[in-house]
Amino acid sequence: MSTLDDLGVPGLERPGGASFAEGAKRRKWADHLVGREHELGIIARSLDNLSNGAAGSQLIELTGDAGIGKTALLGELVSLARARHAVVLSGRPERGSSYSVWADAFDDQHRLVGDVVRSWTPAERAELGWLFPSLATREDALLGIPLPGPAPVGHRLVRELLERLAVSALVVVLDDMHTADPASLDLLGSLLRRPPNASVMFAVGYRDRQAGTRLREAIAGRSRQVTLTATRLAPLTEADTARMLSGQGTASWRRQLHVESEGNPSYLKVLSAERAPFPGGGPGSAALHDVRAGDCPVFFDELDGLSPAARTVVEAAAVLGDVFDTTLVAKMLEQPEAAVLAAIGELIRQDLVRPVVSGQYFALRHPVVARVIRENAELSTRIELHRTADAALRARDASPATRAPHVEQWARYGDLGAVEVLETAAASVMTTDPVRAATWLKTALRVLPQIPDLQSRRAEMLVRLAKARGTSGYLRECRDTMHEALRHLPAEPRVAHAKAVAFTAMVQRLLGAHAETEAMIRAEIEALDRPDSSACAQLTFELACNELSKGDPERCQELAATALDVAVRHGLAPMQASCLGLSAMAKATAGDIEGARTCLRGATTLLDAMLDNDFAHSLTAVVWIGWSEVVLEQWDDALRHFDKAVEVAGRSKSWLVLPHLLVGYVFVLRNRGRLREARTAAEHAVHLAEKSRSPEQMTSAHSMLAWIDATLGETDQALHSGIVATDNNREPASGWCGTLALRMLAEVRLMTRNREECMALVTSAGGPGLVAADVCSRVAWYELLTRAELLTGRVEAAAVWAGHAAKAATALDQPGRNALAVLAQAQVDLARRPETAVPAAERAVRGLEDAGMVVDGLRARVVLGTALWHQGRHDDGMRELKTAEMTFTQMGAQSLARVARTERRRLAARSATVRGPRSESAAGATTLTGREREVAELVGEGMTNRLIARQLHIAEKTVEMHLSNVFAKIGVSSRSGVAAYMIRNTA
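These figures come from a predicted structure and were not determined experimentally. (Residues numbered from 1 in each chain as written. Predicted model: local features only at pLDDT ≥ 70, side-chain atom pairs only at ≥ 80, totals over all residues. Heavy atoms only, no water.)

**Q** Quick question: what am I supposed to make of the pairing of strand β4 (residues 200–206) here?
**A** Sheet faces and side chains relate simply in a regular strand, where the side chains alternate between the two faces. Judged by how many residues are buried, β4 sits mostly within the fold: seven of seven residues are covered. With burial as the criterion, each face of β4 is covered, one bearing V200, F202, V204 and Y206 and the other bearing M201, A203 and G205. Across six bridges, strand β1 (residues 58–63) lies against β4 in parallel orientation. Across the sheet, the residue bridging to Q58 is M201, located in β4. Sheet topology places strand β3 (residues 170–174) next to β4; five bridges connect them, and they run parallel. Within β4, the position partnered with L170 by the bridge is V200. (Buried < 20%, exposed > 50% of the residue type's maximum accessible area, 1.4 Å probe, protein only. Helix = DSSP H or I, 4+ residues; strand = E, 2+ residues; numbered from the N terminus. Pairing = 2+ DSSP bridges.)

**Q** I'm lost on the packing of helix α29 (residues 573–590) against helix α32 (residues 619–631) in this one. Help?
**A** Angle between the axes and distance between the axes: these two values describe a pair of packed helices. Between α29 and α32, the least distance of the axes is 8 Å, while the angle of their chain directions is 30 degrees. It follows from the interaxial angle that α29 and α32 lie roughly parallel. α32 is crossed by α29, and the crossing has left-handed handedness. For the pair α29 and α32, contact is made by P574, A577, S578, G581, L582, A584, M585 and A588 and by T620, A621, W624, I625, W627, S628 and V631, respectively. Class assignment of the residues belonging to the contact of α29 with α32 gives a composition of eleven nonpolar, four polar and no charged. (Axes fitted to C-alpha atoms, helices over the stretch in contact; angles between N-to-C directions. Parallel < 35°, antiparallel > 145°, perpendicular 65-115°, else oblique. Left-handed = near helix turned anticlockwise from the far one by under 90°. Contact = heavy atoms within 4.5 Å. Nonpolar A, V, L, I, M, F, W, Y, C, P; charged D, E, K, R; others polar.)

**Q** How should I be thinking about the nonpolar core in this particular structure?
**A** Counting residues in hydrophobic clusters, the biggest one holds 199 residues, and the most contacted among them are L582, W627, L661, F667, W781 and F888. In terms of residues, this core owes the most to one element, helix α38 (residues 735–751), which gives ten residues. Sequence-distant contacts of L661, that is, excluding residues within four places in its chain, are made with L619, V622, V623, F642, A645 and V646. (Core = buried A, V, L, I, M, F, W, Y, C linked by side-chain atoms within 4.5 Å.)

**Q** Can you help me understand the packing of helix α40 (residues 778–791) against helix α42 (residues 815–832) in this one?
**A** Two elements in contact, α40 and α42, have axes separated by 9 Å at closest approach and are oriented at 15 degrees. What the angle tells us is that α40 and α42 run roughly parallel. As for how α40 packs across α42, the hand of that crossing is left-handed. Contact with α40, carried on its side by V779, A780, E783, T786, R787 and L790, involves R817, L820, A821, L823, A824, Q827, V828 and A831 of α42 and no other residues of that element. A per-class count over the contact of α40 with α42 returns nine nonpolar, two polar and three charged.

**Q** Could you clarify how one ought to interpret the pattern of salt bridges in this entry?
**A** Side chains carrying opposite charge are able to pair once their charged atoms draw close together. Enumeration according to the criterion identifies 60 salt bridges in this entry. Salt bridges linked by common partners bring E747, E783, R787, D856 and R859 together as one network. (Salt bridge = Lys/Arg side-chain N within 4 Å of Asp/Glu carboxyl O.)

**Q** I would appreciate a short explanation of the packing of aromatic side chains in the present structure.
**A** Within a pair of aromatic rings, the relevant descriptors are the distance that separates the centres and the angle that separates the planes. In the structure shown here, the tally under the stated rule is seven aromatic pairs. Measuring from centroid to centroid gives 5.7 Å for W627 and F667, while their planes differ by 55 degrees, and the two rings are tilted. With a gap of 40 residues between them, W627 in helix α32 and F667 in helix α34 (residues 658–671) connect regions that are remote in the sequence. Here W627 matches F667 in class, with each residue buried. Their ring planes at 15 degrees and their centres at 6.2 Å tell us that W635 and F667 sit as a pair that is stacked. Placement of W635 in helix α33 (residues 635–652) and of F667 in helix α34 is noted, with a sequence separation of 32 residues between them. For W635, a relative accessible area of 6% gives the class buried. Put simply, the rings of W627, W635, F642, F667 and W707 pair up and form one aromatic cluster. Across the ring face of F503, the terminal group of K467 is positioned such that the distance to the ring centre comes to 5.7 Å. (Phe/Tyr/Trp six-rings, centres within 6.5 Å; stacked < 30°, edge-to-face > 60°. Lys NZ or Arg CZ within 6 Å of the ring centre and 35° of its normal.)

Shown next as structure tokens:
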């Protein structure tokens, strides 16, 4: 959707009957035309009028800010006009040359111009010859006289030339006219006051903020015979930006770029290059000096027209940042403030600088403009400007964070003063901007001398750098930096060393290195001389987390209890909340529901009493508390805690555990039926997991996204995410997180009607006994497997799984899981004797809805509706099915809505059959082969040929062949006809 393939402007017809909308669909629209449907429609209408001779001369006035897309739109106008066989003259001004825009335009059609000029007298050629520089070299014989210097041209001859060129239609496109010379503007004004006697369209583009009086008077003084269409390009909408960046980053990433770019396509291009959304970059990874003049000429061409004084001032201002004051610029340049203000006046006229407050404070037009100017200044000039800026700021006693952007540019190896500034600045922004903190620390480490006396300081800086990288979500880089830090970090004091090891262990655990993590922690605990220290509590807690990740909840509980005792003695509230939350999760997954509830109450009491700052340091606790609440069916509390944690982590840019928080958030949102919010969160989780390169996070995030996409009916995307999740899940599933991902993938396989692959995932979960799955998730597994067996008509096998679900639910005695087990049995009853399924289906609906499991409750309503219909209560059954279908549709669950809709239509067709004989004999259906019947049934369920091919493991061409046979045999010509036929003739 990054192109305008779906562009449609009604009522615009091309010659030959092809509409503009149809033509647009056949074209590959460039990304820079996204959001310009209205303007493209205006251009198409104007070209239609020009081609039909409905109007004489026309003027399209296209204005807007720098980079807003005027040139791109005029370029599209040129393409469209040439496609209609119009003669097109297209030109842009060249600074310092008279008539340069017209010379460029005529040079665009030098052959046609040469044919016209060849018939002129030598005097006429001499009068206008210098307008055609290319003809002077290509047509020497034609223009065999010396070209005169610039002089007023004969407007009559130019008008005659345009009339001669406009054999059918002529389009004159003049871009960047705000930079045109006075002579070019006078000629334009003359042609508009007395237009050519032919069908001519003038298209003039310029920046209205920079347009002079001469240009405005030329347009305002046009003849009444010239039809004016004035359009000012507005910023892109958020939806337009999302279309341009479709397939890149996350929804929140795209939304942030829209806000920062202010809807300007050129700024958006630079920002998206600067902030690559995936591991090739990450925040701040792309340097703006990679943006060259050819990529974004809008930022560079306007600098060429500045005076040397203004160029010097704007470069100094850009070094200071987006906002600057003239006093500081004057000190940097050692110039009088009056001279600086005079240069700023020129910059304001060029719309490069704008006043922001009263006084001598100004801002570059946009932060992107400031950064592009700064990063593309000559290297020695830029470094010197940063040095003088830092000197001026130091004289003002500015903070280290204010000075650091300049210090990092000029700092030399061995300058300990610069190291001090960068270290202090990094510490001040660590909790708000860890990416910037990491950048300053990396510079400080390069400047810090490599001498033995400073090794301890280097190690401490490496630890801080690793934490900044980890907080930013770059786990592999964080782990590598921590390993380097531990090589330099002294063993004493032991507590500091142990805390560094604990942090390293957490990162390694998130990366899935469980064996290395355990060995590292145990070695550090043995080396500690104080087993009751806070550092020992952190190490023990990480060891407990590692055990749960490996699938040993009992050992996890023992270690968490040990860490909790130490945390209580030291009064470490965040650690206490983490230990209690972890214990609750471990007990719940082991089936100790009451013990889990007790631990969870203690954890939530501590968590809810925290202020925001303490809460921000307790995000690990929220992971365990939130998931414990999910397992214990406390959905409202889970949603509240995950929602707050995701918001706090996003605000503080603390992305270390955010993927796990987001996966839990997605799970709860999906359960509540908030699917669109769930997809946004899942997309964000995938983005962060890609950046972290953690196999566990990749598997969890992609499997959750696949589950949501499958529910939304986005089958291709779901299958893609499922493949990525499977590729990253190379190890046998262990622990609650791994088996949760497996279950989501099994759901995806089932929603895409791939029963074999769904059942195959049971083996990865430990076989029929589901030994790898935790106790609480087994009920959902068994209900899923019940559906998988029923998909292929294996009713008795489904009954076995439903029995397992009932037994597992009884052991847990939780309302939601009990109702889910009842739903499994109701589905089996529906397959055996549909009318007997009503009581179980009613209990399932009540239980699931009371437990807050919205989506599962609606699935139960589909079963109830079908059972009621078979019991003879047709109206009640249809009402239940319609309610489920409408609610699924409203929440966006298209795949589930399709199931309810198919069942409702099937029963409606059977209702008609019950009331009277079938309008057609079923004999027609029996003439279909087995494979043709399978294809027809899947078509009736709304599946595409591609999905049918995947379901039946055949080629898509084979599906098309079978479908053609079905069309012929049953006498229909459309897929909807096949669907209707199969509904009518299915018992």
